[in-house]
Protein chains: 2
Amino acid sequence: MNEVSAKFAQAPAESLTMLPSPYLLFLGDTVDAGFAKTAFGLRDWAGERCVGEFALPQASVTTGLKRLTPQQAASIGARSLVIGVANAGGFIPPSWITALTRALEAGLDIISGMHMRLTEVPGLAAAASRLGRRLIDLRVAPTDLPTASGLKRSGKRILTVGTDCALGKKYTALAIARGLIDRGIDATFRATGQTGIMIAGTGVPLDAVVIDFAAGAAELLSPDAAPDHIDVIEGQGSLFHPSYAGVTLALLHGSQPDIFVVCHNPNRRHILGHEEFSLPTIQAVIDQTVTLGRLTNPAIRCAGVSLNTAGMSAQAAAATIRDTGNAVDLPAADPMRGGDTFERLLDACM
Amino acid sequence: MNEVSAKFAQAPAESLTMLPSPYLLFLGDTVDAGFAKTAFGLRDWAGERCVGEFALPQASVTTGLKRLTPQQAASIGARSLVIGVANAGGFIPPSWITALTRALEAGLDIISGMHMRLTEVPGLAAAASRLGRRLIDLRVAPTDLPTASGLKRSGKRILTVGTDCALGKKYTALAIARGLIDRGIDATFRATGQTGIMIAGTGVPLDAVVIDFAAGAAELLSPDAAPDHIDVIEGQGSLFHPSYAGVTLALLHGSQPDIFVVCHNPNRRHILGHEEFSLPTIQAVIDQTVTLGRLTNPAIRCAGVSLNTAGMSAQAAAATIRDTGNAVDLPAADPMRGGDTFERLLDACM
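Residues numbered from 1 in each chain as written. Chains lettered and ligands numbered in written order. Predicted model: local features only at pLDDT ≥ 70, side-chain atom pairs only at ≥ 80, totals over all residues. Heavy atoms only, no water.

**Student:** Any chance you could explain the overall build of chain A here in plain terms?
**Tutor:** Scanning chain A from terminus to terminus reveals 12 helices and 13 strands. Here the C-alpha radius of gyration of chain A, 20 Å, is about what a compact globule of 350 residues would show, namely 20 Å. Considering only C-alpha atoms, chain A reaches an extent of 60 × 45 × 45 Å along its principal axes. A burial count over chain A gives 61% of its 350 residues as buried. Accessible surface, chain A: about 13,100 Å² in total, of which carbon and sulfur atoms supply 54%. Across chain A, the centroid of the 29 positively charged side chains sits 3 Å from that of the 32 negatively charged ones. (Helix = DSSP H or I, 4+ residues; strand = E, 2+ residues; numbered from the N terminus. Rg over C-alpha atoms; globule rule 2.2 N^0.38 Å. Buried < 20%, exposed > 50% of the residue type's maximum accessible area, 1.4 Å probe, protein only. Areas by Shrake-Rupley, 256 points an atom, 1.4 Å probe, with all protein chains shown as cover. Lys, Arg positive; Asp, Glu negative; His and termini not counted. Charge placed at Lys NZ, Arg CZ, Asp CG, Glu CD.)

**Student:** When you look at the domain arrangement of chain A in this model, what are you seeing that I'm missing?
**Tutor:** Many authors give the size of an interface as the accessible area that is lost as the parts come together. All names here are of chain A. Splitting chain A by domain gives domain 1 (3-137) and domain 2 (156-348). Computed from C-alpha coordinates alone, the two centres of domain 1 and domain 2 are separated by 27 Å. Across the boundary between the two partners, domain 1 contributes 24 residues, which contact 19 residues of domain 2. Counting each side, the surface lost to burial between domain 1 and domain 2 is near 1,700 Å², with a carbon and sulfur contribution of 68%. The interface formed by domain 1 and domain 2 contains zero salt bridges. Across the domain 1-domain 2 interface, the total number found is six residue pairs in polar contact (both at pLDDT 80 or more). (Domains from an automatic or database assignment. Contact = heavy atoms within 4.5 Å. Buried area = accessible area lost by both parts, 1.4 Å probe. Salt bridge = Lys/Arg side-chain N within 4 Å of Asp/Glu carboxyl O. Polar contact = N/O pair within 3.5 Å; in protein donor to acceptor, adjacent residues only side chain to side chain.)

**Student:** I would appreciate a short explanation of the sheet that holds strand E1 (residues 23-26) of chain B in the present structure.
**Tutor:** Sheet strands pair via backbone hydrogen bonds, and the direction of the pair is either parallel or antiparallel. Residue and element names in this part refer to chain B. Spatially, five strands are ordered E2-E1-E3-E4-E5 in an open sheet, and the strand pairing comes out parallel. Each end of this open sheet is capped by a strand with a single partner; those strands are strand E2 (50-54) and strand E5 (135-137). For this sheet the average axis-to-axis angle between neighbouring strands, irrespective of direction, equals 25°. Pairing geometry for strand E3 (residues 80-83) and strand E4 (residues 109-112), over three bridges, is parallel. Across the sheet, Leu81 pairs through a bridge with Ile110, a residue of E4. Relative to the sheet, helix H2 (residues 37-45) contacts E1, E2 and E3, its axis offset from that of E1 by approximately 150°. (Pairing = 2+ DSSP bridges. Axes fitted to C-alpha atoms, helices over the stretch in contact; angles between N-to-C directions.)

**Student:** Explain helix H8 (residues 214-221) of chain A to me, please; I cannot follow it from the model alone.
**Tutor:** Counting along an α-helix, one turn takes 3.6 residues, and residues three or four places apart therefore face a common direction. The element H8 of chain A is largely enclosed, with a buried count of eight among its eight residues. Within the sequence span of H8 of chain A, burial applies to Ala214, Ala215, Gly216, Ala217, Ala218, Glu219, Leu220 and Leu221 of chain A.

**Student:** What should I look at first to understand the pairing of E4 of chain B in this one?
**Tutor:** In regular strands, side chains alternate between the two faces of the sheet. All names here are of chain B. Alternating positions in E4 separate into two faces, Asp109 and Ile111 on one and Ile110 and Ser112 on the other, with burial throughout. Considered for its hand, the β-α-β crossover made up of E3, helix H4 (residues 97-105) and E4 is right-handed. In terms of strand pairing, E4 meets E5 through three bridges, oriented parallel. Across the sheet, residue Ser112 finds its bridge partner in E5, namely Asp137. Handedness of the β-α-β unit built from E4, helix H5 (residues 124-131) and E5 comes out right-handed. (Right-handed = clockwise from strand over helix to strand, strands pointing away.)

**Student:** I tried to follow the interface of chain A and chain B on my own but got confused; where do I start?
**Tutor:** Listed by partner, the interface residues are 34 residues for chain A and 34 residues for chain B. Contact between chain A and chain B buries roughly 2,800 Å² in total, counting both sides, with carbon and sulfur atoms accounting for 65%. Considering only the side of chain A, the residues that lose the most area to chain B are Ile211, Asp212 and Leu295 of chain A, jointly responsible for 22% of the buried surface there. At the junction of chain A with chain B, the criterion picks out zero salt bridges. It is helix H9 (residues 245-255) of chain A that contributes the most residues to the side of chain A that touches chain B, six residues altogether. Partitioned by chemical class, the residues of the side of chain A that touches chain B number 20 nonpolar, 11 polar and three charged. (Nonpolar A, V, L, I, M, F, W, Y, C, P; charged D, E, K, R; others polar.)

**Student:** Would you mind going over the sheet that holds strand E3 (residues 80-83) of chain A with me for this structure?
**Tutor:** Residues and elements named next belong to chain A. Judged by pairing direction, the sheet is parallel, and its five strands sit side by side in the order E2-E1-E3-E4-E5 without closing on themselves. This sheet does not close on itself; its edge strands, each paired only once, are strand E2 (50-54) and strand E5 (135-137). Ignoring strand direction, the axes of neighbouring strands in this sheet form an average angle of 25°. Of the strands in this sheet, strand E1 (23-26), E2 and E3 touch helix H2 (residues 37-45), which is tilted by about 150° from E1.

**Student:** Before we go on, may I ask you to explain the relation of the copies chain A and chain B in this structure?
**Tutor:** Aligned on chain B, chain A shows an RMSD of 0.0 Å; the corresponding rotation is 180° and the shift along the axis is 0.1 Å. The superposition operator between the copies reduces to a two-fold rotation axis. (Least-squares fit on C-alpha atoms with pLDDT ≥ 70 in both.)

**Student:** Honestly, the side chain of Thr289 of chain A in this entry has me stumped. Any pointers?
**Tutor:** Mapping Thr289 of chain A onto the fold places it in helix H10 (residues 282-293). When near neighbours in sequence (up to four residues on either side) are disregarded, Thr289 of chain A contacts Val161, Leu239, Leu252, Phe260, Arg294 and Ile300 of chain A.

**Student:** What is the right way to look at the pattern of salt bridges in this model?
**Tutor:** For the structure shown, the criterion picks out 25 salt bridges over all chains. For Asp347 of chain B, the salt bridge goes to Arg183 of chain B, with nearest N and O atoms at 2.7 Å. Note that Asp347 of chain B is positioned in helix H12 (residues 340-348) and Arg183 of chain B in the loop between helix H6 (169-182) and strand E7 (187-190), a separation of 164 residues in sequence. Since its relative accessible area comes to 30%, Arg183 of chain B is described here as partly exposed. One network of salt bridges, in which partners are shared, links Asp109, Arg133 and Arg134 of chain A.

**Student:** In this structure, what is going on with unusual backbone geometry? I would like to understand it.
**Tutor:** For residues other than glycine, phi is negative in most cases, and the peptide bonds are mostly trans. Here Ser21 of chain A and Pro22 of chain A are connected by a cis peptide whose omega angle stands at 10°. Looking at the element boundaries, Pro22 of chain A is found in the loop between helix H1 (3-9) and E1. Even without glycine at this site, Gln256 of chain A takes up a positive phi of about 50°. Looking at where Gln256 of chain A falls in the secondary structure, it is placed in the loop between H9 and strand E9 (259-264). Residue classification places Gln256 of chain A among the buried positions, given a relative accessible area of 0%. For Asp329 of chain B, which is not glycine, the phi torsion reads 55° and is therefore positive.

**Student:** What am I meant to see in the packing of H4 of chain B against H5 of chain B here?
**Tutor:** Two quantities define a packed helix pair, namely the angle between the helix axes and the distance between the axes. All names here are of chain B. It is the contact of H4 with H5, at a shortest axis distance of 10 Å, that shows an interaxial angle of 10°. Here H4 lies roughly parallel to H5, going by the angle between them. Of the residues in H5, those touching H4 at Leu100, Thr101, Leu104 and Glu105 are Leu124, Ala127, Ala128, Arg130 and Leu131. Looking at the contact of H4 with H5 residue by residue, the classes come out as six nonpolar, one polar and two charged. (Parallel < 35°, antiparallel > 145°, perpendicular 65-115°, else oblique.)

**Student:** Looking at this structure, how should I read the packing of aromatic side chains?
**Tutor:** Describing an aromatic ring pair means giving the distance of the ring centres and the angle of the ring planes. All names here are of chain B. Scanning the model with the defined rule gives six aromatic pairs over all chains in all. Aromatic pair Phe26 and Trp96: ring centres 5.4 Å apart, planes at 85°, arrangement edge-to-face. Taken as a pair, Phe26 in strand E1 and Trp96 in the loop between E3 and H4 lie far apart in primary sequence, 70 residues in all. The same class applies to Phe26 as to Trp96, namely buried. (Phe/Tyr/Trp six-rings, centres within 6.5 Å; stacked < 30°, edge-to-face > 60°.)

**Student:** Just to check I follow, could you spell out the confidence of the model for chain A for this structure?
**Tutor:** Close reading of the predicted structure is inappropriate where its pLDDT is low. On average, residues of chain A score 93 in pLDDT, and 95% of them are at 70 or above. A low-confidence stretch, residues 1-15 of chain A stays under pLDDT 50, and its non-local contacts, those more than four residues away or across chains, total 41 contacts. (pLDDT = per-residue confidence, 0-100.)

Here it is as structure tokens:
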């Protein structure tokens, strides 16, 4: 049982255990920035909890944060080393073991969202046990989750949904939470994936949950709150994804969102990795989400559309945002570009 | 990893490992027939694989099968003892341990669908190991399942769906499979729950699957088959259930049914255990299932309605069946009562 699941075993979601921070970001021997998305995400969205970065000599990627040894990081207050890079297999190579052990010896816990368990790394569990340090695997399934009650909770909830996987649901939720907080609203980002959990410091790794408990896990994630509080929940999958629609529906029902935002990548034509499946229209996602979401929140409504316009010129992005908003008659914006359009999307979220 | 999951780790679903049978049905010390549903289900639907029953002296429930000791059962070919009773907590009481150990000593494996693991029963794992026998827990999650591909498979598929949980989806699927086989059709019952798996001798315990792999597990369950072959798949949950709709959707998408049958209990007004949720109408379930099922099978259609009229008079049941059929303009029947109405429902399944 990992840190994130431990909190559920102890029950009340109001007291979710936080991951130990500040973090030292570990970059391994990574030479491709595309594999360091977790580290960049932590720098951008949880910078206040990152003291610096640590990498093997072979690494050429950098977050721009101060480069520190584990000992230096610990001396200025770091409590954990976060594996901030991925590789194609999701495994932890033997070349990292010495560095990870150094972190334990410096007094840091290790946090990983990789497929391979930290406890499977030769020697690491023994070292952690000897040194009294924790190995925290964010892909370990929570235990003792409840099934969903379906009962209405107090407070407001926003959920990001999508036309597909991997097109900006996490960043949209983070940007909306930050935007609301900047407006003085009491808002909380709620994480459902490994990177999001590192950023938030807590959350539910939904992809590791046994299916009967998925909606129940989503209920625990956004507990009763003050009437004006807004939870902004990281979405998963898509109702139109042949592999993951069940995940999306369980999260929708458990989250009971008052408001949802549809995330979309205008350049995508098919479901990622499933060329046989055309991307649904934004309107189809809106309609289906309202139809299904009504079960646990009859007042559910769509606030607008979040577009991932990365790689477009400013002019092309602006045109796409305008045309999309007109087509569905709702605010549309690219939260990464911000601006007036994003402010109008935030208006619609309130 | 249990017997059922072992087959998936070994990959091709065509070669699903079968549970060891014939079975000896264990009734424990049960005095309430309501707790022996699994044993009765095995007697009724897999009678050819049950050699007899075995119970503690305190038990008053009987299946009517021959009462045998484990030694007697083994001597006439039994290969496993199946725990055919449940209790409120899903646990295995200390008073059963001697009997279970006797079964192992007689050369039988033990099969359980209870929440408590057989390996958690004091002394049982050691006895099984010493005797070279297997403890097969049907609630252990399969490992190494694939995610769903969404690719169309050959052969035909029927899925039972429902207005709620626990109203006859398993028995409807069993009755349809038996009815089709009686008509000379090459049909196979495909199990998704513990009792169904015992009856079929194989299957996927869907409630134990990690959510990302649920649709993939459903794909494995009904692999490519001859064009005229019909898989009749045991449904789970309901698209209108606040806790389990995600399970239902993953099973729907992975099963890619050509045909579905809606199961309903005319006496039920609310979702079981969730008084705040009204039961959906049969028509709502038909419409929602078609809308969502089209994603992986555009030709999906509803064959009709299976009504659970247990406890009604023959006259009241006939009237309910007639009125329901008229209301949705499709065949309706109670498969447990059979008759002409059920034959018409079978016609519509072909």
